[in-house]
Amino acid sequence: MLKFHARLLGYIGLMPFIMLPFLMLWETVSYFEGISFFIQYSAIILSFLGGVLWFDGIHNNRTPLFLYLSMIPLLTAWLGVIWLPPLLSLIILAAAFIVLIVYEFTLSSLAIWYRSLRIRLTAITIGCHLMIIWLICSTN
């Protein structure tokens, strides 16, 4: 039953990623607000996933290095929101999602069903990042 709820919440969590590009295309959300909202949400989710790794590190008594590495998504997300121009921010955030899932598959002990879910969620997330990047590039 827990797997069902995790999957359900994971897919619900995709809604802002999926909706924002379309809201921008339909001009329901302004171009600048849509990009800003998307980057902020992406940073929040990336930070959350870093927290999952943090928990995995503590729960499975990993090395301190594992805990330090689990902080990288949070710091990457923060840089993407605070310091970087939007296009570069989106590229780095998308790349961070890819690096994170590779890291999860090689170094973590997360459950197989969770890894399977993460592949699907990450693929959709990256696709949405690419759509926003396309919107930025097509309007410049």
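Okay, so let's go over this structure.

What about the overall build of the protein?
When its secondary structure is counted, the protein shows 7 helices and 0 strands. Taken from N to C terminus, the helices and strands of the protein fall in the order α-α-α-α-α-α-α. For the protein, the C-alpha radius of gyration of 16 Å lies close to 14 Å, the compact-globule estimate for 140 residues. Its C-alpha atoms give the protein principal-axis dimensions of roughly 50 × 35 × 20 Å. Counting all 140 residues of the protein, 39% fall into the buried class. For the protein, contacts bridging at least 24 residues in sequence account for 72% of all contacts bridging at least 6. Approximately 8,200 Å² of the protein is accessible, and the part contributed by carbon and sulfur atoms is 78%. Taking the 6 positively charged and 4 negatively charged side chains of the protein as two groups, their mean positions are separated by 19 Å.

A word on helix 3 (residues 31-59)
The terminal C-alpha atoms of helix 3 lie 42 Å apart, and with 29 residues this matches the ideal 42 Å at 1.5 Å per residue to within 8%. Phi for asparagine 61, located one or two positions after helix 3, is positive at around 50°.

Observations concerning the packing of aromatic side chains
Per the stated rule, a full pass over the model turns up 8 aromatic pairs. With a centroid separation of 5.0 Å and 85° between ring planes, the pair formed by tyrosine 31 and phenylalanine 32 is classed as edge-to-face. Here tyrosine 31 falls in the partly exposed class, since its relative accessible area comes to 26%. Taking the centre distance of 6.2 Å and the plane angle of 85° together, the rings of tryptophan 113 and tyrosine 114 count as edge-to-face. Taken together through their ring pairs, the aromatic side chains of Phe17, Phe38, Tyr41 and Phe97 make up a single cluster. Just above the ring of phenylalanine 66 sits the side chain of arginine 62; from NZ or CZ to the centre is 4.8 Å. The ring of phenylalanine 105 carries the charged tip of arginine 115 above its face, separated from the ring centre by 5.4 Å.

About the cut-offs
Residues numbered from 1 in each chain as written. Predicted model: local features only at pLDDT ≥ 70, side-chain atom pairs only at ≥ 80, totals over all residues. Heavy atoms only, no water. Helix = DSSP H or I, 4+ residues; strand = E, 2+ residues; numbered from the N terminus. Rg over C-alpha atoms; globule rule 2.2 N^0.38 Å. Buried < 20%, exposed > 50% of the residue type's maximum accessible area, 1.4 Å probe, protein only. Contact = heavy atoms within 4.5 Å. Areas by Shrake-Rupley, 256 points an atom, 1.4 Å probe, with all protein chains shown as cover. Lys, Arg positive; Asp, Glu negative; His and termini not counted. Charge placed at Lys NZ, Arg CZ, Asp CG, Glu CD. Expected span 1.5 Å × (residues − 1). Phe/Tyr/Trp six-rings, centres within 6.5 Å; stacked < 30°, edge-to-face > 60°. Lys NZ or Arg CZ within 6 Å of the ring centre and 35° of its normal.

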